[in-house]
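Spelled out, the chains give:
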Amino acid sequence: MTAPAAPSTRRVAVAAPHPAALDAAAEAVAAGGDAIDAALAAATALTVVYPHQCSIGGDLVALVRRPGRPVVAVVSAGAAPAGIDVAALAQHDRMPRQGAQTVTVPGVVAGWQAIDALGGRLGLADPLTRAARLAADGVPVSPGLGRAIAVRTDELHADPGMREVFTDDAGALLAEGDPLVQPALAATLTELAADPGAMYRGRIAASITARLRELGGAHTEADFASHDAELVEPRGTTIGGARWWVAPPPTQGVVLLGILPEALADGSEHGTATADLVDAVHRAALVRQAELGDPRGGSIDVAAMLDPRDSGRVGALPRAGRALGDTVAVTAADSDGTVVTLIQSVYQLFGSGILDPGTGVVLHNRGSAFSTDPAHPAHVGPGLRPPHTLLPVIAETDDLVLGLGCQGGSAQPWILAQLARDLVAAGSDPDEVLGRPRFVIGARDLGHEVMTLVAEPGSEDAIAAADALGLPIARTGGPVDEAGHVQTVRLHADGHLDAASDPRADGRAVVLDAH
């Protein structure tokens, strides 16, 4: 897209899954911030109000487009500790679903620092101070958090740190509307406002690593001190009149690129197009499970994921456990041409099931996605990163720039593929597109023992395609979290902005005037 027409007033569009994130973004824009500042303000707030999906104890992957500059991928995915006992883990068929051995070094805060350095105007002190205030004053438990607490009742009662935060004075778990107050997290965020690097050294790192060692982990302060966010070249392709960018492995972005030909196919014969997409998704899911891993640990077959057709892969998807509510996406676009799509995560609901009482930090279980097979590309090892589901997307046509991301675990490529063609069409209504019924395909990540198509009402073409492929089908009673919480922003060539937030989440989208 050529430079957008200059509007009379600079504007910033933001989409996020919780109102508090939008309020924080609005404050940042009112203070003179740009799309980067708005995205970071929303992201910091979400670590307080959405602890079942994201935390400063999780990871971050983002894409940032600045006018006149190449798109940059920010990959802040933490590694397994240097002292991890690979031999002991190899005695098991798969990694544990939760617990200290599933915790890799958290990358979120380092990721925020890297994004801010790409062009933020305000720095991190204000958003972190604002987030600390939210944690100290308390926020009502949202519907999404309330659902998550109900799903993870046993895990929340089992961990002392979780129990302290997510129960009331009578010992009952919090429910929708109850106040969520997090004083230890507020103190940690206040410390980070003064020095974000304190996440990786000093009191915070010492407290977290000590708690993990108490629970059987091998984490040390040196593991935390060695973490850095990476600024890397994204993977890209041009198809369907658009240029698409995703983050490289160990994230699964290349899996989306591999099914874009079917996703962007002419929809005039909708049933045929959907059947082709369901078939491509089925193949891509199997290829990803066999091939995705960390390039630090050896070569991985990116070409196979970019073209999963006729791969010969057969079988199911051995996942460690159900990955509901794993992620939050924030998207932001500025009328100056800046577009940000940022995804941060604790992986599965409430991550590892561990909340460090000394810092108030919920720790992710991203390491549960490692393979215990030393021959697998995703094999567990010291300093290695597990395969990542996080999938930020930026696309550009002659008419617009699109920022896109979602919650949805391993299903993120399939969720975004169903939206891609229409969201890059300048005349489409993004709210209408996000509200359509969707399908996803998976196995244990969706609560099924074998590869299954999960279909919302209205997904009849996908159901027919799955039936023809012999895939089991699970019909839902309505829209479900498994179908993703999509957030999108668009900057059009004439300078106007639009945005949409998935109705399956608790959020909204806004276009703000920047003063």
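Here the residue numbers are simple positions, counted from 1 along each chain's written sequence. The model is predicted, so local features are restricted to residues of pLDDT at least 70 and side-chain atom pairs to those at 80 or more, both for listing and for counting; the totals for chains, interfaces and linings are taken over all residues. Hydrogens and waters are ignored; side-chain quantities use all the structure's heavy atoms.

Novice: How should the overall build of the protein chain be read in this particular structure?
Specialist: Secondary structure elements are taken from DSSP: a helix is a run of H or I of four residues or more, a strand is a run of E of two residues or more, and numbering for both begins at the N terminus. In terms of helices and strands, the protein chain carries 17 helices and 20 strands. The C-alpha radius of gyration of the protein chain comes to 21 Å, within 12% of the 24 Å expected for a compact globule of 515 residues. Seen through its principal axes, the protein chain has C-alpha atoms that stretch 60 × 60 × 45 Å. Only protein chains enter the accessibility calculation, which uses a 1.4 Å probe; a residue whose area is less than 20% of its type maximum is buried, one above 50% is exposed, and one in between is partly exposed. By the burial criterion, 62% of the 515 residues in the protein chain qualify as buried. Residues count as neighbours in contact if any of their non-hydrogen atoms are within 4.5 Å of one another. Nonlocal contacts in the protein chain, meaning residues at least 24 apart in sequence, comprise 71% of its contacts between residues at least 6 apart. Only the protein chains shown count as cover for residues, with accessible areas throughout obtained via the Shrake-Rupley method and a probe of 1.4 Å. When the accessible surface of the protein chain is totalled, it reaches about 17000 Å², and 51% of it is carbon and sulfur. Only four residue types enter the tally: Lys and Arg on the positive side, Asp and Glu on the negative side, with His and both chain ends excluded. Note on charges: their place is set at NZ of Lys, CZ of Arg, CG of Asp or CD of Glu. For the protein chain, the separation between the mean place of its 36 positive charges and that of its 61 negative charges on side chains is 2 Å. Between the two quantities, the radius of gyration covers C-alpha atoms and the globule rule is 2.2 Å times the number of residues to the power 0.38.

Novice: When you look at the sheet that holds strand β3 (residues 72-76) in this model, what are you seeing that I'm missing?
Specialist: Backbone hydrogen bonds are what pair the strands of a sheet, in a parallel or an antiparallel way. Pairing is antiparallel in the open sheet, where 7 strands are placed in the order β6-β3-β2-β10-β9-β1-β20. The open sheet has two edge strands with one neighbour each: β6 (230-232) and β20 (508-513). Across the sheet, the mean angle from the axis of one strand to that of its neighbour is 15°, orientation sign disregarded. Pairing between two strands is assigned when DSSP locates at least 2 bridges connecting them. In terms of strand pairing, β3 meets β6 through 3 bridges, oriented antiparallel. In the strand pairing of β6, Val-74 is matched with Leu-231. Only the stretch in contact is used when a helix axis is fitted, and all axes are lines through C-alpha atoms; the angle between N-to-C directions ranges over 0 to 180 degrees. Its contacts with the sheet place helix α1 (residues 19-30) against β1 (11-16) and β20, and it is angled at close to 10° to β20.

Novice: It is not clear to me how the packing of helix α12 (residues 253-263) against helix α15 (residues 412-423) should be interpreted in this structure. Could you clarify?
Specialist: Geometry of a packed helix pair, given as the angle between the helix axes and the separation of the axes. Put simply, α12 and α15 touch, their axes get as near as 9 Å, and they point 40° apart. Classified by the angle between their axes, α12 and α15 sit oblique to one another. Here α12 and α15 pass one another in a crossing that is right-handed. Only Pro-413, Trp-414, Leu-416, Ala-417, Ala-420 and Arg-421 of α15 make contact with α12, whose side of the interface consists of Val-255, Leu-256, Ile-259, Leu-260 and Ala-263. As a working rule, the residues Ala, Val, Leu, Ile, Met, Phe, Trp, Tyr, Cys and Pro are called nonpolar, Asp, Glu, Lys and Arg charged, and the rest polar, with Gly in that last group. Residues belonging to the contact of α12 with α15 are distributed by class as follows: 10 nonpolar, no polar and 1 charged. Throughout, the term roughly parallel applies to angles under 35 degrees, roughly antiparallel to angles over 145, roughly perpendicular to angles from 65 to 115, and oblique to all others. Here a crossing is taken to be left-handed if its near helix is turned anticlockwise relative to the far helix by less than a right angle, and right-handed if that turn runs clockwise.

Novice: In this structure, what is going on with the pairing of strand β16 (residues 452-455)? I would like to understand it.
Specialist: Successive side chains on a regular strand alternate, one facing one side of the sheet and the next facing the other. Burial of β16 is two-sided: the residues Thr-452 and Val-454 facing one way and the residues Leu-453 and Ala-455 facing the other way are all buried. With 4 bridges joining them, strand β15 (residues 439-442) and β16 adopt antiparallel strand pairing. The residue of β16 that forms the bridge with Gly-442 is Thr-452. Relative to strand β17 (residues 473-475), β16 runs parallel, the two being bridged by 3 bridges. Bridge pairing links Ala-455 to Arg-475 in β17. Viewed along the sheet, the connection from β16 through helix α17 (residues 460-469) into β17 turns out right-handed. A clockwise course of the path from the first strand over the helix to the second, judged with the strands pointing away from the viewer, identifies a crossover as right-handed.

Novice: How do you make sense of the packing of aromatic side chains when you look at a structure like this?
Specialist: For any pair of aromatic rings, the description consists of the separation of the ring centres together with the inter-plane angle of the planes. Aromatic rings from Phe, Tyr and Trp, taking only the six-membered ring of Trp, are treated as a pair when their centres fall within 6.5 Å; an angle between ring planes under 30 degrees marks them as stacked, one over 60 as edge-to-face, and anything in between as tilted. Applying the stated criterion across every chain, the model contains 1 aromatic pair. Judged by centre distance (5.2 Å) and plane angle (70°), the ring pair of Phe-166 and Phe-350 falls under edge-to-face. Here Phe-350 lies in the loop between β10 (339-345) and β11 (354-356) and Phe-166 lies in helix α8 (residues 160-166), a separation of 184 residues in the sequence. There is no split in this pair, since Phe-166 and Phe-350 are both buried.

Novice: I keep staring at the state of the cysteines and nothing clicks. Help me out?
Specialist: Should the sulfur atoms of two cysteines be covalently bonded, the bond is a disulfide. Here, a disulfide means two cysteine sulfur atoms that sit within 2.5 Å of each other. A complete count under the given rule lists 0 disulfides for this structure. The thiol of Cys-54 is not disulfide-bonded; the next cysteine sulfur, from Cys-406, is found 15 Å away. The buried category is assigned to Cys-54, whose relative accessible area is 0%.

Novice: Is there a simple way to explain the nonpolar core in this structure?
Specialist: Nonpolar side chains in soluble globular proteins generally cluster together in the buried interior. Residues Val-14, Trp-112, Phe-166 and Leu-189 are the most contacted members of the largest nonpolar core, which totals 81 residues. Broken down by element, this core gets its largest block of residues, 10 residues, from helix α2 (residues 35-49). Setting aside residues no more than four positions away along its own chain, Trp-112 makes contact with Leu-40, Ala-43, Thr-44, Thr-47, Ile-56, Leu-60, Leu-124, Leu-128 and Gln-344. What is meant by a nonpolar core is a set of buried Ala, Val, Leu, Ile, Met, Phe, Trp, Tyr and Cys residues, joined one to another through side-chain atoms within 4.5 Å. Counting residues in hydrophobic clusters, the runner-up holds 58 residues, among them Ala-280, Leu-419, Val-440 and Met-451.

Novice: Help me understand the sheet that holds strand β18 (residues 485-492), please; the structure alone is not making it clear to me.
Specialist: Spatially, the 6 strands line up as an open sheet ordered β7-β8-β13-β14-β18-β19, and their pairing is antiparallel. Looking at the sheet topology across the chains shown, the edges are occupied by β7 (235-239) and β19 (497-501). Between one strand and the next, the sheet's axes are offset by a mean angle of 15°, whatever the strand orientation. Sheet topology note: the strand β13 (residues 393-396)/strand β14 (residues 400-407) ladder contains 4 bridges and is antiparallel. In the strand pairing of β14, Ile-394 is matched with Gly-403. The sheet strands contacting α12 are β7, β8 (242-246) and β13, and the helix crosses β7 at an angle near 10°. Taken strand by strand, α15 contacts β8, β13, β14 and β18, and its axis lies near 155° from that of β14.

Novice: Would you mind going over the environment of Asp-154 with me for this structure?
Specialist: Of note, Asp-154 is situated in helix α7 (residues 153-158). Once the C-alpha coordinates of Asp-154 and Gly-353 are considered, the two residues, 199 residues apart in sequence, prove to be 9.8 Å apart.

Novice: How should I be thinking about the pairing of β18 in this particular structure?
Specialist: With 8 of 8 residues buried, β18 lies mostly within the body of the structure. Here β18 shows a buried face lined by His-485, Gln-487, Val-489 and Leu-491 and a second buried face lined by Val-486, Thr-488, Arg-490 and His-492. With 8 bridges connecting them, β14 and β18 associate as antiparallel partners. Paired with Gly-403 across the bridge in β18 is Val-489. In the sheet, β18 pairs with β19 via 5 bridges, with the strands oriented antiparallel.

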